Amino acid sequence: MTQFTFDAPTVIRTKRDGGVLSDAAIDWVIDGYTRGRVDDGQMAALLMAIFLRGMTDAEIARWTAAMVASGERFDFTGLRRDGRPLALVDKHSTGGVGDKITIPLVPVVMACGGAVPQAAGRGLGHTGGTLDKLEAIPGFTAELSKEQIRQQLCDLGAAIFAAGDLAPADRKIYALRDVTGTTESLPLIASSVMSKKIAEGARALVLDTKVGSGAFLPSEDEARALARTMVDLGTAHGLATRALLTDMDVPLGRAVGNAVEVTESLEVLAGGGPDDVVELTLALAAEMLDAAGLDGVDPAETLRDGTAMDRFRDLVAAQGGDLSAPLPLGAHTETVTASRGGTMGRIDAMAVGLAVWRLGAGRSAPGEQVQFGAGVHVHRRPGEPVAAGEALFTLYTDTPERLGPALAELDGGWAVGDTAPPHRPLILDRIT
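The following paragraphs examine the structure supplied in this document. (Residues numbered from 1 in each chain as written. Predicted model: local features only at pLDDT ≥ 70, side-chain atom pairs only at ≥ 80, totals over all residues. Heavy atoms only, no water.)

## Some details on the overall build of the chain
- When its secondary structure is counted, the chain shows 16 helices and 15 strands.
- Compactness check: the chain gives a C-alpha radius of gyration of 21 Å against a globular reference of 22 Å for 432 residues, within 12% of the reference.
- Considered along the principal axes of its C-alpha atoms, the chain spans approximately 80 × 55 × 40 Å.
- Scored against the burial criterion, the 432 residues of the chain give a buried share of 54%.
- Pairs at least 24 residues apart make up 79% of the contacts formed inside the chain by residues separated by at least 6 positions.
- For the chain, the accessible area works out to roughly 16,600 Å², and carbon and sulfur atoms hold 50% of it.
- In the chain, which carries 40 positive and 57 negative side-chain charges, the distance between the mean positions of the two groups comes to 4 Å. (Helix = DSSP H or I, 4+ residues; strand = E, 2+ residues; numbered from the N terminus. Rg over C-alpha atoms; globule rule 2.2 N^0.38 Å. Buried < 20%, exposed > 50% of the residue type's maximum accessible area, 1.4 Å probe, protein only. Contact = heavy atoms within 4.5 Å. Areas by Shrake-Rupley, 256 points an atom, 1.4 Å probe, with all protein chains shown as cover. Lys, Arg positive; Asp, Glu negative; His and termini not counted. Charge placed at Lys NZ, Arg CZ, Asp CG, Glu CD.)

## Focus on the sheet that holds strand S8 (residues 255-257)
- Taken in spatial order, the four strands line up as S8-S11-S13-S9 in an open sheet, and their pairing is antiparallel. Each end of this open sheet is capped by a strand with a single partner; those strands are S8 and strand S9 (332-337). Ignoring which end each strand starts from, the neighbouring axes of this sheet average 15 degrees apart.
- Two elements, strand S11 (residues 375-378) and strand S13 (residues 391-397), share four bridges in a ladder whose sense is antiparallel. (Pairing = 2+ DSSP bridges. Axes fitted to C-alpha atoms, helices over the stretch in contact; angles between N-to-C directions.)

## Some thoughts on helix H3 (residues 40-53)
- Between the first and last C-alpha of H3 there are 20 Å, a value that for 14 residues agrees with the 20 Å anticipated at 1.5 Å per step.
- Every buried residue of H3 is accounted for by Met43, Ala44, Leu46, Leu47, Ala49 and Ile50.
- Of the surrounding elements, those touching the buried residues of H3 are helix H1 (8-16), helix H2 (23-35), helix H4 (57-69), helix H8 (168-178) and helix H9 (186-199).
- Between a side-chain oxygen at the N-terminus of H3 and the backbone nitrogen of Gly41 the separation is 3.1 Å; the capping residue is Asp39.
- Of the residues one or two after H3, Gly54 is the one with positive phi, at around 80 degrees. (Expected span 1.5 Å × (residues − 1). Polar contact = N/O pair within 3.5 Å; in protein donor to acceptor, adjacent residues only side chain to side chain.)

## Examining the pairing of S11
- Examined bridge by bridge, S8 and S11 share three bridges and lie antiparallel to one another. Bridge pairing in S11 places Ala255 opposite His377.

## Some remarks on the side chain of Gln152
- Along the polypeptide, Gln152 turns up in helix H7 (residues 146-155).
- With residues up to four places along the chain from it excluded, the contact list for Gln152 reads Leu144, Gly157, Ala158, Ala159, Leu315, Ala318 and Gln319.

## Concerning the sheet that holds strand S3 (residues 89-93)
- A sheet is described by the order of its strands in space; here four strands give the open sequence S3-S6-S7-S15, paired in mixed fashion. With one partner strand each, in any of the chains shown, S3 and strand S15 (427-431) form the two edges of the open sheet. Shown here is a sheet whose adjacent strand axes are inclined to one another by a mean of 20 degrees, direction ignored.
- Where strand S6 (residues 204-211) lies against strand S7 (residues 240-247), eight bridges are found, and the strand directions are parallel. Looking at the pairing, Leu207 lines up with Ala243 of S7.
- Set on the sheet, helix H12 (residues 275-291) makes contact with S3, S6, S7 and S15; between it and S6 the angle comes to about 150 degrees.

Dropping the structure here:
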């Protein structure tokens, strides 16, 4: 029997014309791109075709499985701490503006007895990446060996690391999506998230699926479909998965960027910080602890008594970071002030995210270095009183020529009025 030989143009045309890719075609193109036989231009064309034409559930499942198979899959079965098997659980966010939740959440779960193997990502489009934020801490590294990850899980209860050999196909595709306008695609988001999470060795996963202007899929129906797809993918691979739908119409907290979000996370770990960041941290912690079978622990207590902060210090130190060193802050600033008094209206998360991207916190080319000190501080959140002339936003960057484009992105993304905007709950739904 003659074996059919695939080629990239044929695969691209199939999806461009609305066809369904066979399992064999998907396996071939993912393997070919991982090994360099399919080049960036060809994969970019295929990603755009997927963005425009979509994928069936079967295609998404096979694309995910092929990316898992492109690298190794961690197995932490048998690891113990204090003589007990590790309660391995992880969380992933689909991407938001000001979404620094991983930074306080992981040490909260550590302090409650959970073990978190977190393969984290870098910024994608207008959204910030956990690794870019943590690497703003002087000395911090996410390039951990498998042995170091295993040791930290046993000794500390967590490791936050770059995916490395996990789903290497996704690493290449993720970087390409970031610079080709193909980020906002349900099949590509679902397969990217779940390929890494299936491969990383957790036994349970909680998904934070964002809804609103700052999310990749802004409508609730789209976000719900994404959550359902990811939960089903995880379940099919033996990973107990659940999801929360959470609001991303306005930025989370008051800090958006890299180092500025680390600073705000430290405020949360010290028992303070913005109410919405604390609320979401604790809600996701409760879900993770429940999924891991850890009962009778109060995640809020770990913020009050300082144990979560202690665990974060341990984690950062283990990965080479120095929390005693000052965090970087952009040398050039611009402040946006209120022309009138009143009440802060809605702040568009997308406008803020794009402004921060313009300031240098994100990338416009694969592998580009981000500015750790770039960001925006939000002085007044929706519903808070505003006085004429009061500072509303402060922008930070190391390259002053970026301030103009960033201010242009922010323009029209906020308003001061006479009444508060309608209240929107932070947690919209739960999907299991």
